[in-house]
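Each chain, written out:
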Amino acid sequence: MQNLLRHFDRYCASYAPYKGGAWCYEDGCIYRGLDLLAAATGDVRWHAHLRRLIDAQVAPDGALAGYDAEGFNIDNILPGRVLFGLARDTGDPRYMVAAARLIGQLDRHPRTATGNYWHKARYPHQLWLDGLYMALPFQIEYALATGEQRRVSDALQQLSTALDLTATPGGLHVHGHDASHAQAWADAVTGQSPAVWARAMGWLAMALVDALVILPDDAATHALRQRTAAILVALAQRQGASGLWPQVLDAPELAGNYDESSATAMFAYAFLRAARLGLVTGAEAAGLRGAGLRALRVLEQTRMTEHGLAGICRVAGLGTLAGRYRDGTPAYYLTEDVVAGDAKGMGPLMMASAEAAFPGQPDGLGGLPRRRLSGQPSSQ
């Protein structure tokens, strides 16, 4: 674990904003990792990295660098999750002003007929699993910070509906759903995309876990908790002999299919967080914790390079991008570039490592020296 922490420190010290300094979800993955590392270890360096990076993007009046609400890009909501802790810990009003800008986008964001946010304005009537993680935990955290319960209810309804729309008989979920059935990738009857992409399932697992662990176990969340536990167990059962998960989850024997690192890190994070914070208990918690720790160890031992975590699918999506049509078939997901050091893998790896480092865990990885100083994030 200490080797990983040293690597994260070097990585973040030289990290350049993913899109030239513009507010974006890739940076948000790193911000989330830093926030959790600070909470888990109490080490001031993670908070210092976070402040250096995010304060260059949040102006004194709460304006966000390069952010355009009118693009209705659901991805742009994710980095806002760290604003709540910064607001509490610093007392600086600009962070909540910035958060209000993002919730303002969601208040006007177009929705499908079932009430789910469109993925982006240029992907009309489409729900992607990615977007659940980008928007809904932020929406819940904003609601808890402001006392607006209706936003919690709306987020829970969107999560439940998304599960219904994307479910497969195997207990997993396809990448996307087109409510208009207009896309060539959409099934004519169900509107579903054709394949189960591992990172889409990673976004989904993290969204469900992050939403539910900060809410009470009551009538509003009970059914969703049961469905989430079933999804996590189904994912754990599909962990490969390598300790990792394949890029196309529902076609493990597909020629050219490969173990993908970012999804593996996401699953490890979701498993460890769900077990640590009581979303699953007993034998289920022990099994998920074991699967998560195994994945984390394998990533550390076999996928870490001088350039960062290797084996990351750089990007994948549905529909037309840069003149190319992404048809969502299992074969399509094997055509995208595989890279090292991408924020979409490094951020979740930091998050999973933080979960393993929280004190008081029975696996022996917690209890790292804690050096919390006043002003550090304390959210868990």
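These numbers were taken from a predicted model, which means no experiment stands behind them.

### Brief notes about the pattern of salt bridges
Okay, so step 1: Applying the stated rule across the entire model yields 24 salt bridges.
Okay, so step 2: Between arginine 276 and glutamate 355 there is a salt bridge whose closest N-O contact spans 2.6 Å. Separated by 79 residues along the polypeptide, arginine 276 in helix α10 (residues 261-276) and glutamate 355 in helix α12 (residues 343-357) bring together distant segments of the chain. Like glutamate 355, arginine 276 is buried.
Okay, so step 3: Salt bridges linked by common partners bring Arg32, Arg81, Glu141, Asp210, Arg273, Arg276 and Glu355 together as one network.

### Description of unusual backbone geometry
Okay, so step 1: Located in the positive-phi region is phenylalanine 72, a residue other than glycine, with phi close to 45°.
Okay, so step 2: If you trace the backbone, phenylalanine 72 turns up in the loop between α3 (44-54) and α4 (83-90).
Okay, so step 3: Its identity as a non-glycine residue notwithstanding, histidine 181 has a phi of 55°, on the positive side.
Okay, so step 4: Examined against the element boundaries, histidine 181 turns out to sit in the loop between β2 (176-178) and α8 (198-212).

### A few points about the state of the cysteines
Okay, so step 1: Across all of its chains, the model carries zero disulfides by this definition.
Okay, so step 2: Not part of a disulfide, cysteine 24 finds its nearest cysteine sulfur in cysteine 29, a span of 8.8 Å.
Okay, so step 3: Residue classification places cysteine 24 among the buried residues on the basis of a relative accessible area of 1%.
Okay, so step 4: Here cysteine 313 stays unpaired: no disulfide links it, and the sulfur of cysteine 29, its closest cysteine neighbor, is 13 Å away.

### Here we look at the packing of helix α1 (residues 2-13) against α12
Okay, so step 1: The interhelical angle for the contact between α1 and α12, taken along N-to-C directions, is 140°, at an axis separation of 11 Å. With respect to their mutual orientation, α1 and α12 come out oblique. The chirality of how α1 crosses α12 is left-handed. Every residue of α12 that contacts α1 at Leu4, His7, Phe8, Tyr11 and Cys12 is listed here: Ala343, Met346, Leu349, Met350 and Ser353.

### Considerations on the side chain of aspartate 178
Okay, so step 1: Along the chain, aspartate 178 turns up in strand β2.
Okay, so step 2: Lacking a salt bridge, the buried aspartate 178 has arginine 326 as its closest oppositely charged neighbour, with an N-O distance of 13 Å.
Okay, so step 3: Here the side chain of aspartate 178 touches serine 180 through a polar contact of 2.7 Å, side chain to side chain.
Okay, so step 4: What aspartate 178 contacts, discounting residues up to four positions off in sequence, is Pro124, His125, Gln126, Gln183, Trp185, Ala186 and Gly191.

### Structural notes on helix α6 (residues 129-146)
Okay, so step 1: With 18 residues, α6 extends 26 Å from end C-alpha to end C-alpha; this agrees with the ideal 26 Å at 1.5 Å per step.
Okay, so step 2: By the criterion of burial, α6 is predominantly enclosed, with 15 of the 18 residues buried.
Okay, so step 3: Positioned one or two residues after α6, glycine 147 has a phi angle of 75°, which is positive.

### Concerning the environment of alanine 211
Okay, so step 1: Relative to the helices and strands, alanine 211 resides in helix α8.
Okay, so step 2: Alanine 211 sits 141 residues away from alanine 352 along the chain, and the two C-alpha atoms are 16 Å apart.
Okay, so step 3: With residues near it in sequence (within four places) discarded, alanine 211 still touches Ile140 and Leu159.

### Observations regarding the environment of glycine 319
Okay, so step 1: One can find glycine 319 in strand β8 (residues 319-321).
Okay, so step 2: Overall, the relative accessible area of 3% leaves glycine 319 in the buried class.
Okay, so step 3: Sequence separation between glycine 319 and tryptophan 185 is 134 residues; the distance between their C-alpha atoms is 7.3 Å.

### Notes on α1
Okay, so step 1: In a regular helix each residue adds 1.5 Å, so 12 residues correspond to 16 Å; α1 covers 17 Å between its end C-alpha atoms and thus fits that length.
Okay, so step 2: The secondary structure elements touched by the buried residues of α1 are α2 (25-41), α3, α11 (282-302), β5 (304-305), β6 (308-309) and α12.

### Things to note about the environment of alanine 286
Okay, so step 1: In this structure, alanine 286 sits in helix α11.
Okay, so step 2: With 183 residues separating them along the chain, alanine 286 and isoleucine 103 place their C-alpha atoms 37 Å apart.

### Structural notes on the side chain of glutamate 141
Okay, so step 1: When you line up the elements, glutamate 141 lands in helix α6.
Okay, so step 2: Within the structure, glutamate 141 has its side chain in polar contact with the side chain of arginine 81 (distance 2.7 Å).
Okay, so step 3: Excluding residues that lie within four positions of it along the chain, glutamate 141 makes contacts with Arg81, Phe84 and Ile214.

### Things to note about the confidence of the model for the protein chain
One rule of thumb: low pLDDT means the predicted coordinates there are not for detailed reading.
Okay, so step 1: On average, the protein chain scores 95 in pLDDT, and the residues at 70 or more come to 95%.
Okay, so step 2: Mean pLDDT values for the elements of the protein chain range from 94 in α1 up to 99 in α8.
Okay, so step 3: Below pLDDT 50 for its whole length, residues 367-380 participates in 53 contacts with residues either more than four positions away or in separate chains.

### A short note on the packing of aromatic side chains
Okay, so step 1: Under the counting rule described, the total for this entry stands at 12 aromatic pairs.
Okay, so step 2: Where phenylalanine 84 meets tyrosine 142, the ring centres are 6.2 Å apart and the plane angle is 65°; that geometry is what we call edge-to-face. Of this pair, phenylalanine 84 sits in helix α4 while tyrosine 142 sits in helix α6; the two residues are 58 residues apart in sequence, bridging distant segments of the chain. This pair shows no difference in class: phenylalanine 84 is buried, exactly as tyrosine 142 is.
Okay, so step 3: By the ring-pair criterion, three or more aromatic residues cluster together here, those being Tyr25, Tyr133 and Trp203.

Parameters at a glance
- Residues numbered from 1 in each chain as written.
- Predicted model: local features only at pLDDT ≥ 70, side-chain atom pairs only at ≥ 80, totals over all residues.
- Heavy atoms only, no water.
- Salt bridge = Lys/Arg side-chain N within 4 Å of Asp/Glu carboxyl O.
- Helix = DSSP H or I, 4+ residues; strand = E, 2+ residues; numbered from the N terminus.
- Buried < 20%, exposed > 50% of the residue type's maximum accessible area, 1.4 Å probe, protein only.
- Disulfide = S-S within 2.5 Å.
- Axes fitted to C-alpha atoms, helices over the stretch in contact; angles between N-to-C directions.
- Parallel < 35°, antiparallel > 145°, perpendicular 65-115°, else oblique.
- Left-handed = near helix turned anticlockwise from the far one by under 90°.
- Contact = heavy atoms within 4.5 Å.
- Lys, Arg positive; Asp, Glu negative; His and termini not counted.
- Polar contact = N/O pair within 3.5 Å; in protein donor to acceptor, adjacent residues only side chain to side chain.
- Expected span 1.5 Å × (residues − 1).
- pLDDT = per-residue confidence, 0-100.
- Phe/Tyr/Trp six-rings, centres within 6.5 Å; stacked < 30°, edge-to-face > 60°.

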